[in-house]
Amino acid sequence: MSDTPGWDDVMREFLIESREHVQSIEATVLELEARPGSQPLLAQLFRALHTVKGTCGFLGFSRLEALMHAAEEMLGLARDRRLVLDRERVSTLLAAADAARGTLEHIEATGLEPAVDHSALLARMAGAAAGSAPLEVSEPLTPPGALPWRGAATGVDSKLRVDVALLDRLMNLMGELVLARNRILQCAASPTPGADLLTASQRLDVVTTQVQQVVMKTRLQPVGQVWNRFPRLVRELAHGCGKQVRLQLQGADTELDKTLVEALHDPLTHLLRNAVDHGVETPEQRLAAGKPPVGCLTLSASHEGGLVHLGMSDDGAGIDVQRVRQVAAQRGLLTADQAARMPDAEALTLIFMPGFSTAERVTSLSGRGVGMDVVRSQVERIGGTVEVHSRPGQGTTFTLKIPLTLAIIPALLVTCRGDRYALPQASLREVVFLEPTQARKDITRIQGACVLRLRGELLPLVVLAAELGVGPAMPDLDEGATVVVLQAGERTFGLWVDAIHDTEEIVVKPLWKHLKGLACYAGATVLGDGRVALILDAMGLGRRVGTVTEAQAQVVIPEAAEAPAPQETRERVLLCRNGAEGRVAIPLSRVARLEELPASDVERMSGGMEMARYHGQLLPLVHVASVLEARPGATERITQHLQVTLGESLSVVVTQHADTRVGLVVDAILDVAEVELALQRETRRPGVLGSMVVQARATEFLDVEGTVRAVHPELLTGGAP
């Protein structure tokens with residue numbers, strides 16, 4: 001039949017329609033478990049089953065037809081009140097929905113039904129239809145957290161359903177757009193266009209804006225499309241944990257860009273898993289605390305201030321902040337004194353750190369400290385923020401604030417050293433202009449950081465020119481200051497720029513893959529004059545800001561005073577061994593790749609430069625030890641050592657310098673650590689920025705550019721990024 005004209009269209013419609021019905025069957029079965037015997041729900045379920053069964057019979061998919069028929073027989077007894085849909089029977093119906101979904105995926109891939117034996121499942125449904133006692137389910141329930149019903153990404157998932165009225169509106173606007181274009185062409189051909197051209201351009205602007213709004217609406221999808229899988233997930237998770245949990249959905253019709261809807265699935269899944277495993281208590285614990293035995297999870301969505309607010313709350317035990325502090329101190333994330341002085345709101349954010357977990361043991365659901373890190377990283381990747389609030393004994397609420405769309409956004413254009421950058425207005429709070437006199441009075445340096453005293457409060461400053469490496473850390477105050485106040489999550493800070501321009505709607509383009517690691521950029525755009533502007537990431541810039549308190553402000557370092565205090569900020573570093581016992585740290589932001597290269601791939605070129613064959617190209621090598629030892633004969637000894645160890649591998653840290661990659665050869669790669677930088681800069685050794693204690697060991701911080709320049713200065717011609 002595949003050669004029949006129009007057969008492909010019939011199959012495509014069958015797959016789309018049947019998938020929707022199977023999804024409806026699953027959702028209705030879960031509702032029936034909560035409201036057994038509901039006649040409207042049973043009628044709705046019968047309609048979906050009968051439609052799928054009838055279409056399968058027409059198309060000759062007999063196995064799927066038999067599966068739907070057996071489910072109908074089972075539900076017929078429930079409709080006649082001769083059978084109760086208990087947990088085991090609901091699990092059987094859900095297993096039938098899973099089998100139907102798998103069959104549809106196989107049909108889409110091959111055009112044929114899979115040769116799968118459903119006899120065990122059919123027997124289970126027949127046993128229920130015969131009025132037997134509650135079934136003994138021999139097959140194990142879905143493992144907690146597993147999602148066999150989610151299915152693989154298919155061509156059907158890449159399609160959108162758009163309201164016909166919206167398409168009609170778009171067609172009408174396209175007609176007006178053509179008329180406006182023709183009018184402008186006539187004005188352009190006229191020797192004296194005058195006011196007619198101005199009128200035509202204004203009309204074109206209005207129509208283009210309307211077209212943009214309608215096109216954006218075609219991409220908006222209700223967040224309920226993500227949520228429709230979660231009732232099943234919560235049911236399986238609760239059963240696996242020995243708990244009773246119900247899920248409430250509020251605002252499922254709230255619309256969001258389709259790409260963002262899909263990106264939110266994993267973060268919300270991890271939040272639900274965490275709530276069921278950590279948040280909601282067992283029925284016995286809840287009864288002892290005076291709560292109902294069934295816990296409640298609530299997913300909510302709403303539009304607020306141009307953003308979509310997604311909430312996930314539970315009525316469980318809440319987060320033990322003291323336990324969070326204790327675990328953080330035990331894992332060396334902060335000292336016991338720092339943990340004791342940390343406010344509760346700030347301590348709660350520690351749960352998002354990689355590897356952090358308060359679980360006593362590792363299970364299939366928790367204990368590895370991965371889930372909450374995934375939540376924050378993926379939400380921030382799409383320009384959102386995560387907030388957490390918890391009350392002991394009452395529960396925890398997570399709030400995700402997501403932009404409505406990432407395709408076209410309003411932005412403020414700013415200038416830094418002649419280059420223009422775009423700041424998304426969603427992060428913008430206000431713009432502050434300071435005259436030279438006021439700037440000298442209100443801007444100062446506190447413990448090495450720039451701060452602005454704004455309306456009686458201290459506002460940390462990020463100097464954009466210094467952040468981009470094109471200007472000093474403290475610009476000239478005689479020229480005044482232009483500060484853009486930004487909000488990044490719960491952190492407010494000021495961005496010091498050279499000048500600001502007008503606001504403009506920009507089309508967001510992703511960065512080249514090699515630039516995505518730059519934390520201060522969120523993308524790029526083409527402006528109206530054809531020039532390219534980078535889009536600044538407020539969240540990435542905000543991570544560079546330290547917290548300045550009023551107590552610290554009492555010790556102000558005046559201008560033209562002695563050198564600023566050592567820089568204090570957290571940074572992730574790569575720890576390497578240098579020599580027998582020496583240790584060096586390399587900023588992780590400078591690391592492109594870590595490689596183990598065979599020593600046999602290294603060749604010595606004329607002029608003494610060593611090159612390694614690397615992905616079809618030549619990679620210049622610099623031995624860190626040859627720079628740090630800085631003694632006569634060091635390079636020769638290292639070369640002799642390389643010749644002796646020929647056939648072994650070299651530990652190489654690949655770094656990027658403008659368009660050139662350089663490999664730093666170390667003795668061993670040890671670990672990655674996040675440290676509070678407090679370097680001692682008295683050293684004058686080449687290639688070393690300073691030293692400090694890391695993991696109870698004296699560690700030297702490598703000057704990456706200085707190390708390369710000491711051996712091969714020609715590689716840095718043109719400057720480092």
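Residues numbered from 1 in each chain as written. Predicted model: local features only at pLDDT ≥ 70, side-chain atom pairs only at ≥ 80, totals over all residues. Heavy atoms only, no water.

Visitor: For this particular structure, what's the right way to read the overall build of the chain?
Guide: Looking only at helices and strands, the chain features 23 helices and 29 strands. Within the chain, buried positions represent 44% of all 721 residues. Look at the contacts in the chain between residues 6 or more apart in sequence, and 66% of them connect residues 24 or more apart. When the accessible surface of the chain is summed, it comes to about 36900 Å², and 53% of that surface belongs to carbon and sulfur atoms. (Helix = DSSP H or I, 4+ residues; strand = E, 2+ residues; numbered from the N terminus. Buried < 20%, exposed > 50% of the residue type's maximum accessible area, 1.4 Å probe, protein only. Contact = heavy atoms within 4.5 Å. Areas by Shrake-Rupley, 256 points an atom, 1.4 Å probe, with all protein chains shown as cover.)

Visitor: Any chance you could explain the sheet that holds strand β19 (residues 570-578) here in plain terms?
Guide: Neighbouring strands of a sheet are bound in pairs by backbone hydrogen bonds; such pairs are parallel or else antiparallel. Spatial ordering of the open sheet is given by β27-β19-β20-β29-β28, a layout of 5 strands whose pairing is mixed. Strand pairing shows two members of the sheet lacking a second neighbour, β27 (668-676) and β28 (688-694), which therefore form its edges. Put simply, the sheet's adjacent strands are angled 35° from each other on average, direction ignored. Note that β28 and strand β29 (residues 697-702) share 6 bridges and pair antiparallel. In the strand pairing of β29, V694 is matched with R697. (Pairing = 2+ DSSP bridges. Axes fitted to C-alpha atoms, helices over the stretch in contact; angles between N-to-C directions.)

Visitor: Got a minute to help me understand the sheet that holds strand β5 (residues 307-314) in this structure?
Guide: Spatial ordering of the open sheet is given by β2-β4-β5-β7-β6, a layout of 5 strands whose pairing is mixed. Of all strands in the sheet, those with a lone pairing partner are β2 (245-250) and β6 (385-391), marking the two edges. Neighbouring strand axes in the sheet, compared pairwise and without regard to direction, differ in orientation by 15° on average. In this sheet, strand β7 (residues 395-403) lies alongside β6 in antiparallel orientation, the contact comprising 7 bridges. Within β7, the residue paired with R391 across the bridge is G395. In the packing of helix α9 (residues 230-241) onto the sheet, contacts are made with β2 and β4 (295-304), and the angle to β2 comes to roughly 160°.

Visitor: Would you mind showing me how to read unusual backbone geometry here?
Guide: With the exception of glycine, the majority of residues adopt a negative phi angle, and the majority of peptide bonds are in the trans configuration. Within the chain, R417 stands out as a residue other than glycine whose phi angle is a positive 55°. Among the structural elements, R417 can be located in the loop between β8 (408-416) and β9 (419-424).

Visitor: What exactly am I supposed to notice about helix α3 (residues 62-79) here?
Guide: Each α-helix turn comprises 3.6 residues. Residues three or four places apart therefore point the same way. With 18 residues, α3 ought to run about 26 Å at 1.5 Å a step, and its terminal C-alpha atoms sit 25 Å apart, in line with that. Along α3, the positions that sit buried rather than exposed are L64, L67, M68, A70, A71, E72, M74, L75, G76, L77 and A78. Immediately beyond the C-terminal end of α3, within one or two residues, lies R81, with a positive phi of roughly 60°. (Expected span 1.5 Å × (residues − 1).)

Visitor: Where do I start with the pattern of salt bridges in this structure?
Guide: Two side chains that carry opposite charge are able to pair once their charged atoms sit near each other. Counted under the stated rule, the structure contains 23 salt bridges. The residue D344 makes a salt bridge to R325 at a minimum N-O spacing of 2.5 Å. Of the two residues, D344 is situated in helix α15 (residues 344-348) and R325 in helix α13 (residues 321-330); the sequence distance between them amounts to 19 residues. Since its relative accessible area comes to 46%, D344 is described here as partly exposed. The exposure class assigned to R325 is buried, which follows from its relative accessible area of 7%. Its salt-bridge partner being D478, residue R440 comes within 2.6 Å of it at the nearest N-O pair. Placement of R440 in helix α17 (residues 436-442) and of D478 in the loop between α18 (464-467) and β14 (481-488) is noted, with a sequence separation of 38 residues between them. (Salt bridge = Lys/Arg side-chain N within 4 Å of Asp/Glu carboxyl O.)

Visitor: Where do I start with empty space enclosed by the protein in this structure?
Guide: Summary: where empty space remains is shown by rolling a probe the size of a single water molecule over the atoms. A full pass over the atoms with the stated rule returns 1 cavity of 30 Å³ or more. Of the voids in this model, the largest cavity is the one considered here, and its volume is about 60 Å³. Lining the largest cavity are I25, V29, L45, L49, M68, A71, L75, L93, A96 and A97. Put simply, the parts of the chain that give the lining of the largest cavity at least two residues each are α1 (7-34), α2 (39-59), α3 and α4 (87-110). Residues of the lining of the largest cavity, tallied by class, amount to 10 nonpolar, no polar and no charged. (1 Å grid on protein atoms, 1.4 Å probe; cavity = no way out; pocket = protein on both sides within 12 Å on 5 of 7 lines; lining within 4 Å. Points joined across faces, edges and corners; volume = space filled by probe spheres on them. Nonpolar A, V, L, I, M, F, W, Y, C, P; charged D, E, K, R; others polar.)

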